[in-house]
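This is what each chain is made of:
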Amino acid sequence: MREKQLLNILLEYKSYVTGTFLASQLNVSVKTLQKTIASLNQELKAYGALVESKRNNGYIVRIIDEKKFQQLREIWTKPNELEITSILRILLEKEYVKSEDLQEQLYINSAKLTKYLKEVREYLKKFQLELISRPYYGLHVEGSEFYKRLCICDILTRESREFQNENSSIIDKISDIVMSRITQYDYTMSDDLCFNLILHLAIALLRVKGKKSVSITPIQEEELKKKKEYIIAKNIIEAMENEFNVKFDNSEISYVTIHLISKETIHGNNLMDIPKEIDSLVCEMLQYIDKKFNLNMSKNLELRVNIGLHMVPLVNRLTYGTVIKNPILNKVKTTLIKGYEIAVASKGIIERKYNKKLNEHEISYLAIHFQLALNKHGNENKHNILLVCSSVRGNV
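These figures come from a predicted structure and were not determined experimentally. Position numbers for residues count from 1 along each chain, tracking the sequence in the order it is written. With pLDDT at 70 or above as the cut-off, local features in this predicted model cover only qualifying residues; side-chain atom pairs require 80 or more to be listed or tallied, and sums for whole chains, interfaces and linings still use all residues. Remark: hydrogens and water are excluded; side-chain values derive from all non-hydrogen atoms of the structure.

### Regarding the environment of Arg2
Okay, so step 1: Working definition: helices are DSSP H or I runs of at least four residues, strands are E runs of at least two. Numbering for both runs from the N terminus. Take Arg2: it is sitting in helix H1 (residues 2–12).
Okay, so step 2: Sequence-wise, Arg2 and Asp154 are 152 residues apart; in three dimensions their C-alpha atoms are separated by 25 Å.
Okay, so step 3: Note on contacts: a residue pair qualifies if any of its non-hydrogen atoms lie within 4.5 Å across the two residues. The residues touching Arg2, leaving out its near neighbours within four places in the chain, are Leu26, Val28, Thr32 and Thr36.

### A word on the packing of helix H10 (residues 168–184) against helix H13 (residues 229–244)
Okay, so step 1: Each axis is a line fitted through C-alpha atoms, taken for helices only over the stretch in contact, and angles between the N-to-C directions span 0 to 180 degrees. Their axes nearest at 10 Å, the elements H10 and H13 cross at an angle of 145°. Handedness of the H10/H13 crossing: right-handed. Contacts between H10 and H13 pair Ile170, Lys173, Ile174, Ile177, Arg181 and Gln184 from the former with Ile232, Asn235, Ile236, Ala239, Met240, Glu243 and Phe244 from the latter.
Okay, so step 2: Charged means Asp, Glu, Lys or Arg here, nonpolar means Ala, Val, Leu, Ile, Met, Phe, Trp, Tyr, Cys or Pro, and polar covers whatever is left, Gly included. For the contact of H10 with H13, the per-class residue count stands at eight nonpolar, two polar and three charged. By the definition used in this description, the sense in which the near helix is turned from the far one sets the handedness, with an anticlockwise turn below a right angle giving left-handed and a clockwise turn giving right-handed.

### A word on the pairing of strand S4 (residues 138–142)
Okay, so step 1: Categorising residues by exposure relies on relative accessible area from a 1.4 Å probe, with only protein chains included: less than 20% of the type maximum marks a residue as buried, more than 50% marks it as exposed, and the intermediate range marks it as partly exposed. With four of five residues buried, S4 lies mostly within the body of the structure.
Okay, so step 2: The pairing criterion for strands is at least two bridges between them, as found by DSSP. In textbook terms, the turn of a hairpin is the stretch between consecutive antiparallel strands, and for strand S3 (residues 130–134) and S4 this stretch comprises three residues, one of which, Tyr136, has a positive phi near 70°.

### Some remarks on helix H15 (residues 276–293)
An α-helical turn contains 3.6 residues, so a residue and the one three or four places further along point in the same direction.
Okay, so step 1: End to end, H15 covers 26 Å across 18 residues, agreeing with the expected 26 Å (1.5 Å per residue, within 8%).
Okay, so step 2: The secondary structure elements touched by the buried residues of H15 are helix H16 (301–320), helix H18 (337–354) and helix H19 (360–376).
Okay, so step 3: Looking at the residues trailing H15, positive phi occurs at Asn294, about 55°. Expected span, for any helix, means 1.5 Å times one less than how many residues it has.

### Side note on the packing of aromatic side chains
Ring pairs (aromatic) are described by centroid distance and by the angle formed between their planes.
Okay, so step 1: Whether two aromatic rings pair depends on their centres lying within 6.5 Å, for rings of Phe, Tyr and Trp, where Trp uses its six-membered ring; planes under 30 degrees apart make the pair stacked, over 60 edge-to-face, and the rest tilted. This model, assessed by the stated rule, comprises six aromatic pairs.
Okay, so step 2: In our convention, an over-ring charge means Lys NZ or Arg CZ found within 6 Å of a ring centre and within 35 degrees of that ring's normal. We note Arg149 situated over the ring of Tyr255; from NZ or CZ to the ring centre the distance is 4.8 Å.
Okay, so step 3: Of note, Lys292 hangs over the ring of Phe293, and the distance from its end group to the ring centre comes to 5.9 Å.

Here it is, written out as structure tokens:
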């Protein structure tokens, strides 16, 4: 329901949001956005609220009767996230699961399970996975092992403390292996991305023990072998084989290589450190931003270099389908509004180049760079908040 999605976006912000930004978030035209706002206002009338517009500012939700509006919140509330997560974990751990078993384990009835499975299917789509039902067998998650692991990691990221407690010994041993290898090879990675790598390695270990290995095409494998990170990945896998007495396929070395090239912090301070293809793309982005927002970012060499260095692992993530999460995503979206709007507007250039969609976490990292440039060069009033992000070169 587009109206519900629009309302959630508006409620997330504490100030006016432009129509252009809202249209881009909903992936619709401005004309369709206006129709959606009109439809939403019809719904909000009965619940003590309205979407108010202000020329040159945009749109904001005004809540007139909090009690009535709370009723709408309850109507539109999503299913219990804890139960959704539990269903996903059970489905991804087993080959087939019967509906009756899910109902019994979660203490829910058939109607509620049907409702939850609808949410589960939508969630799995984000990872190119599909929930299918096979007579006499039950429910099954279909898709590549690579994307199943990404999905599992996303689930565990929400409940990382519980997973760490259950697998503390494994996590500690893998952490020691990773830290010693990245130190040995002078490989730089932020703390949050390092933990993400350790989490993926723990998942890989448990999946391999369950006879589930990733598939890497021969062409991809040969390409990855040329990367300097392949040697580090091989060293990590060999150490894990010795530590846990488990045999990994060669494809798992390529799998770890993909994660390493997607997470490295690239150092440098000049254009010579950036591939020409990426630098050209950054220049195209900055020129587009200048024209659209009447700015002068294309002459900002520091921004050009910083965006370029950030783009190197970003392109690897797009190429191989890996993802990273920005722990301060909501803070970026609600406080660095102009930077985020610029990032949303320019993301299309990257998406067209690589034929891949940028998620909101990737957009938010770009937003930090843009907001930093705006603040430093006086194009935007500075915010009274410090955002420290270990994955980008700069603080706002």
